Amino acid sequence: MASDRIIGIDLGTTNSLVAYMENDHPAVIPGEDGSNLVPSVVALDERDQIMVGNPARKYLIETPERAVYSVKRLMGRGVEDIQGELKLFPFRLADDLAPGEVLRIKLGNKTYTPPEISAFILRQLKRNAERYFGAPVTKAVITVPAYFNDAQRQATKDAGRIAGLEVLRLVNEPTAASLAYGLDKKDTATIAVYDLGGGTFDISILKLHEGIFEVIATNGDTHLGGDDIDNLLITIALNDILGDLGIDVRHNGEAVQSIRKDIIEAKIALSSQTEAALDFELPDGTRYQRTITRAQFERLIKPIADRTLAPVRQAMRDAGLEAKQIEEVVLVGGSTRIPLIRRLVEEQFQRIPHSELNPDEVVALGAAVQANILGGGSEATKEMLLLDVTALSLGIESLGGGVVKIIHRNSTVPESATEHFTTGVEGQTSVAIHVVQGERELAKDNRSLARFDLKGIPPMPAGLPRVEVKFLLDANGILHVSAREARSGKEAEIEVQPSYGLTDEQVENMILESFDYAEEDFAKRQVIEARNEANTILAALEKGRSSPAWEQLSSREREDIGKLENALKAVMPGDDYHAIRTAIDALNQATMHLAELMMDSALSTALKGKRMDTADVGEGPAAPHPIAKAEIEQ
Amino acid sequence: MQPPAPVDYFTFFALPQKLNLDSTLLERDFYALSRKLHPDINAKANRQEQEWSLEKTSQLNDAYRTLKDPISRTEYLLRLHGVQLEEQSKAATEEARKSGAMKKPVVPPDLLEEVFELNMQLEELRMEKKMGEDDPDLARELHNTKQHLEEKQAAMLGDLKSEWDRWDALFDRAVSETVPDTDRKAALDALLAVLNRRSYIRNLLREIDEVLES
């Protein structure tokens, strides 16, 4: 069933990808432009239409106030904890943000929450997959950094729902990567996954045992990645421009964006070359030209690279392992292409890390593997099972502001804990509970997840009620809470105030709003797809004309085909989907006999063989036969 | 899939309530049960079964984590038999002490002299650090004490093992005869004593680290 297809999505800080597992092989599904990566950039064009990916990128430079990138950094976070981000990234927050409200980002004259912006990216990926399959897709596995907290995970899930995707599982990125690598070797091994992406760093230690991928420890830093390298180099360049040329472009958004673009290109070049040139024109026409050598580059970024070492050591300690006990090391994330990072990992583990799979794609491929497992598995995945852990401890604020930990970090999920609470005052009917996530001793130093009010406790003398609260961390790392008063057996009522999340009602509204986009998108997409299909048929017809089968048709048949061909060509440029569709169907009908004749001839065998080859490499939707109607569900 | 039942962790793994346990076998059973119960395996089951799967897997994970670690396994057994254990995070411990909910732990007799000496050293080093002075000799002495305590800590696992054997023997005896409650109580008390001693030393080590690192 087409609707049962589950796609795997890597929703990255810099780039996003969608993958699917077919014939025991996970593969990335390219976009219409043939590119596997969809840059995680969203822009609002002049007509207030949403643009995603490469088409959105040009707005970053031309009209930065209409574009946003790296929005993943804002997922599930409050205005007070992104002050650092605001200094480095040109995020423009809505002017009317109330305290405690979910962030909203300005895009032109509109505002969107981070989950909505992520949903635009997800919708693009969903569309790419639907184009590939020629059928709707509604289910997905999405990856998140292992170090994402509950609010960030919830925000990612919300983004999926807004985009019209049922998120069957959130998988930790390093774990997903290990799934992609582990397909070939199902024996026993201890592996480390070093994942340095655009915005986050994760390190995970796993034990492989006959297809079971058991995470033993994970650690990381949600604010460490390639972006930090870019920002460091940009700051240096901006100061250099000021000091050397006396020009201050630090607050010129357009200039900074164009410098960013150049810096990133130089950074990428330095992974394969020993020096790179920086050369760009400043707004007043002055040229800024510099050569940066790899040695200089490495000296500059060494402190950033070294920041990955503390999490690595902590994860090893938590796993109770020495570096020499790690048998395989896997590199994930675009920033692991940097030679300095590779050397660092090599020195740390005393072995050459794996990098056979494209580090930009491996997480998405792993997500596709997990999607396949959830869909019931296949020959390649039937023995595979992922046992992941929570990277952060969960605790309850105690009297005096301390934290009582109820679920410890590195516990395998799903995981639950039951706590008992009582009242302090006679006749008290409600108890307030504050849940926090993090490792610090004081509640205020940890991330506040939610405040609960246990209500409806029967009035009793102080200390007598026993409210049993059950905290369940599911396999997605998302918290569920239920409570009951043990003496009366009565279910207690829980009122949840997520500290930095959208309420269910808000998400529902966003889903409704997104339908407007979806319908508009869908109509446009249908026309484009129909045109593509028409082109396929016309090309096949061209082939048919030069085949011996063409001569076997009656002159009447040939004449009809010619007429219908012209009719299709006439309606193709228009926006009327039904007209194009009808013309395609008519031409299809008329060429049925030709197709049959071609199938019978020796020539068709060759054609068919060629088709199957191309289908194997997974280039676009494979039509059943060249002149047959493609299966597009409406 | 059957609905989850509220059973203790030993029963969950179909194990007797004994403390000597083959960790390889436990791991094997954990993997086998995971393959049956995990939500990923049951992703296509009906909603009710999916809920059970989630519930039972969380039970399985709790049980495995508790039983595989020798200390948490012992603590769990004590709790199963109604022995109250005091100890949470450092903050919780201090708070409990302040409010009087927890008595000051009794110094294990064989450590009396050492703890007395250690407290003097710690006090002295704290004073010196406050004055901004540096005393490498004193720091070295503390390091030595620390090492000595760590050795004691490691040796504790041996003590624990013999108390496990005592408990397990009682358990086996109970199959064929009635074991007096006093014997059972004595075995549990002995286990508790080892654990208390261990956590006492751990707190000392924590204190030394704090002073050395401050």
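Residues numbered from 1 in each chain as written. Chains lettered and ligands numbered in written order. Predicted model: local features only at pLDDT ≥ 70, side-chain atom pairs only at ≥ 80, totals over all residues. Heavy atoms only, no water.

### Quick look at the overall build of chain B
The following threshold applies: Under the DSSP-based scheme used, a helix requires at least four consecutive residues in state H or I and a strand at least two consecutive residues in state E, with every element numbered from the N terminus. When a residue's accessible area, from a 1.4 Å probe over protein chains only, is under 20% of the maximum for its type it is buried; when over 50% it is exposed; and in between it is partly exposed. Contacts were defined at the residue level, with two residues in contact if any of their heavy atoms lie within 4.5 Å.
Secondary structure assignment for chain B yields 8 helices and 0 strands. Secondary structure elements in chain B, listed N-terminal to C-terminal, are α-α-α-α-α-α-α-α. Counting only residues that meet the buried cut, chain B has 39% of its 214 residues in that class. Look at the contacts in chain B between residues 6 or more apart in sequence, and 73% of them connect residues 24 or more apart.

### Some words on helix H6 (residues 226–245) of chain A
Residues and elements named next belong to chain A. Note the cut-off: Each residue after the first adds 1.5 Å to the expected span of a helix.
Compared with an ideal rise of 1.5 Å per residue, which puts 20 residues at 28 Å, H6 spans 28 Å between its outermost C-alpha atoms and is within 8% of the ideal. Buried positions along H6 lie against helix H2 (83–88), helix H7 (253–269), strand S15 (275–281), strand S16 (287–293) and helix H8 (294–306). Of the residues one or two after H6, Gly246 is the one with positive phi, at around 70°.

### Concerning the confidence of the model for chain B
Interpretation of this model should avoid reading the predicted coordinates in detail wherever pLDDT is low. All names here are of chain B. Spelled out, the test is: Summary of the metric used: pLDDT quantifies the predictor's per-residue confidence within the range 0 to 100.
This prediction gives chain B a mean pLDDT of 85; 90% of its residues lie at or above 70. Confidence drops under a pLDDT of 50 for residues 88–92, and excluding neighbours within four residues, the segment shows 8 contacts in the predicted structure. Across the whole predicted complex the pTM is 0.80, and at the interface the ipTM reaches 0.82.

### Looking at the sheet that holds strand S21 (residues 415–421) of chain A
Strand pairing in a sheet is mediated by backbone hydrogen bonds. Such pairs are either parallel or antiparallel. Rules: Strands qualify as paired when DSSP identifies two bridges or more between them. Note on method: axes are straight lines fitted to C-alpha atoms, helices fitted across the in-contact stretch only, with angles between N-to-C directions ranging 0 to 180 degrees.
A sheet is described by the order of its strands in space; here 3 strands give the open sequence S21-S24-S25 (chain A), paired in antiparallel fashion. Each having just a single partner strand, S21 and strand S25 (479–485) of chain A make up the two edges of the open sheet. Going across the sheet, the axis of each strand differs from the next one's by a mean of 20°, ignoring polarity. In the packing of helix H3 (residues 47–68) of chain B onto the sheet, contacts are made with S21 and strand S24 (467–473) of chain A, and the angle to S21 of chain A comes to roughly 85°.

### Quick word on the pattern of salt bridges
Note the following rule: The term salt bridge refers to a pairing of a side-chain nitrogen on Lys or Arg with a carboxyl oxygen on Asp or Glu at a separation within 4 Å.
Enumeration according to the criterion identifies 55 salt bridges over all chains in this entry. One salt bridge connects Glu27 of chain B with Lys207 of chain A, and the closest N-O pair in it is separated by 2.6 Å. With Glu27 of chain B in helix H2 (residues 23–37) and Lys207 of chain A in strand S13 (residues 201–209), the pair connects residues from two separate chains. Relative accessible area serves as the criterion here: at 28%, Lys207 of chain A is assigned to the partly exposed category. For Glu551 of chain A, the salt bridge goes to Arg558 of chain A, with nearest N and O atoms at 3.3 Å. Glu551 of chain A gets classed as exposed once you look at its relative accessible area, which sits at 56%.

### What about a negative patch on the surface?
Residue and element names in this part refer to chain A. Quick reminder of the rule: Any residue with relative accessible area above 30% and no salt bridge may belong to a patch, with like charges joined within 9 Å and the nonpolar Val, Leu, Ile, Met, Phe, Trp and Tyr side chains within 5 Å. The Shrake-Rupley method, run with a 1.4 Å probe sphere, supplies the accessible areas, and residue values consider only the shown protein chains as cover. The positive count covers Lys and Arg only, the negative count covers Asp and Glu only, and His and the chain ends enter neither. Lys charges are placed at NZ, Arg charges at CZ, Asp charges at CG and Glu charges at CD.
A surface patch of like charges, here negative, comprises Glu46, Glu62, Glu65 and Glu254. Tracing the sequence through the fold places Glu46 in the loop between strand S5 (41–44) and strand S6 (50–52). The exposure class of Glu46 is exposed, given its relative accessible area of 59%.

### Some details on the pairing of strand S12 (residues 188–196) of chain A
Residues and elements named next belong to chain A. With 8 of its 9 residues buried, S12 lies for the most part within the structure. As paired elements, S12 and S13 share 9 bridges and run antiparallel to each other. Pairing of Ala189 across the sheet is with Leu208, part of S13. Linking S12 to S13, which pair antiparallel, is a turn of 4 residues. Pairing of S12 with strand S17 (residues 328–332), which is carried by 5 bridges, proceeds in the parallel orientation. Within S17, the residue paired with Tyr194 across the bridge is Leu331.

### A short note on the side chain of Ser72 of chain B
Considering the arrangement of structural elements, one finds Ser72 of chain B in helix H4 (residues 70–80). Those residues in contact with Ser72 of chain B that lie beyond four places of it in its chain are Arg65 and Thr66 of chain B.

### Description of the interface of chain B and chain A
Our working rule: When two parts are put together, the accessible area they lose, computed with a 1.4 Å probe and summed over both, is reported as buried area. Within 3.5 Å is the distance limit for a polar contact, defined as a pair of N or O atoms, with the added protein rule that one can donate a hydrogen and the other accept it, and that residues adjacent in sequence qualify only through two side-chain atoms.
Across the boundary between the two partners, chain B contributes 24 residues, which contact 32 residues of chain A. Of the roughly 2300 Å² buried between chain B and chain A, counting both surfaces, carbon and sulfur atoms make up 49%. For the chain B face of the interface with chain A, the top three residues by lost area are Tyr31, Arg35 and Asp40 of chain B, together amounting to 29%. Inspection of the chain B/chain A interface yields 4 salt bridges. Where chain B packs against chain A, one counts 13 residue pairs in polar contact (both at pLDDT 80 or more). Contributions of two or more residues to the side of chain B that touches chain A are made by H2, H3 and helix H5 (90–98) of chain B.

### Quick notes on the side chain of His354 of chain A
Residues and elements named next belong to chain A. Mapped onto the fold, His354 is located in the loop between helix H10 (339–349) and helix H11 (362–374). Note on His354: relative accessible area 16%, which makes it buried. In this structure the side chain of His354 is engaged in a polar contact, spanning 2.8 Å, whose partner is the side chain of Glu356. If we ignore the near neighbours within four places in the chain, the residues touching His354 are Tyr181, Glu328, Val329, Val330 and Leu331.

### Looking at the packing of helix H3 (residues 114–133) of chain A against helix H4 (residues 150–162) of chain A
Residue and element names in this part refer to chain A. What counts, and what does not: Angles are sorted into four bins: roughly parallel if under 35 degrees, roughly antiparallel if over 145, roughly perpendicular if 65 to 115, and oblique for all others. It is the rotation of the near helix from the far one that decides the hand of a crossing: anticlockwise by less than a right angle makes it left-handed, clockwise makes it right-handed.
It is the contact of H3 with H4, at a shortest axis distance of 8 Å, that shows an interaxial angle of 55°. By the angle between their axes, H3 is oblique relative to H4. Every pair of crossing elements has a handedness; the one defined by H3 and H4 is right-handed. Residues Pro115, Glu116, Ser118, Ala119, Leu122 and Arg123 of H3 form the contact with H4, whose participating residues are Ala155, Asp158, Ala159, Gly160 and Ile162.

### Structural notes on the pairing of strand S11 (residues 166–172) of chain A
Residues and elements named next belong to chain A. Formally: Looking down the strands as they point away from you, a crossover is right-handed if its path from the first strand over the helix to the second goes clockwise.
The buried fraction of S11 amounts to 5 of the 7 residues, a majority that puts the element mostly inside the structure. In this sheet, S11 lies alongside strand S10 (residues 139–144) in parallel orientation, the contact comprising 6 bridges. Paired with Ile142 across the bridge in S11 is Leu170. In this region the chain leaves S10, passes through H4 and returns to the parallel neighbour S11; the handedness of that crossover is right-handed.

### Focus on the packing of aromatic side chains
When we look at a pair of aromatic rings, we describe it by the centre distance and by the angle of the planes. Residues and elements named next belong to chain B. Note the following rule: Side-chain rings of Phe, Tyr and Trp, where Trp is taken by its six-membered ring, are said to pair if the distance between their centres is within 6.5 Å; with planes under 30 degrees apart they count as stacked, over 60 as edge-to-face, and otherwise as tilted.
Scanning the model with the defined rule gives 10 aromatic pairs over all chains in all. Each ring, one from Phe10 and one from Tyr76, has its centre 6.1 Å from the other, and the planes form 35°; the classification is tilted. With Phe10 in helix H1 (residues 9–12) and Tyr76 in helix H4, the pair connects residues that are 66 residues apart, well separated along the chain. Taking relative accessible area as the criterion, Tyr76 reaches 12% and is therefore assigned buried.

### A closer look at the confidence of the model for chain A
Across chain A, pLDDT averages 86, with 90% of residues at or above 70. Segment residues 603–634 of chain A: pLDDT under 50, and 42 contacts once partners within four positions in sequence are set aside and those in other chains are kept.

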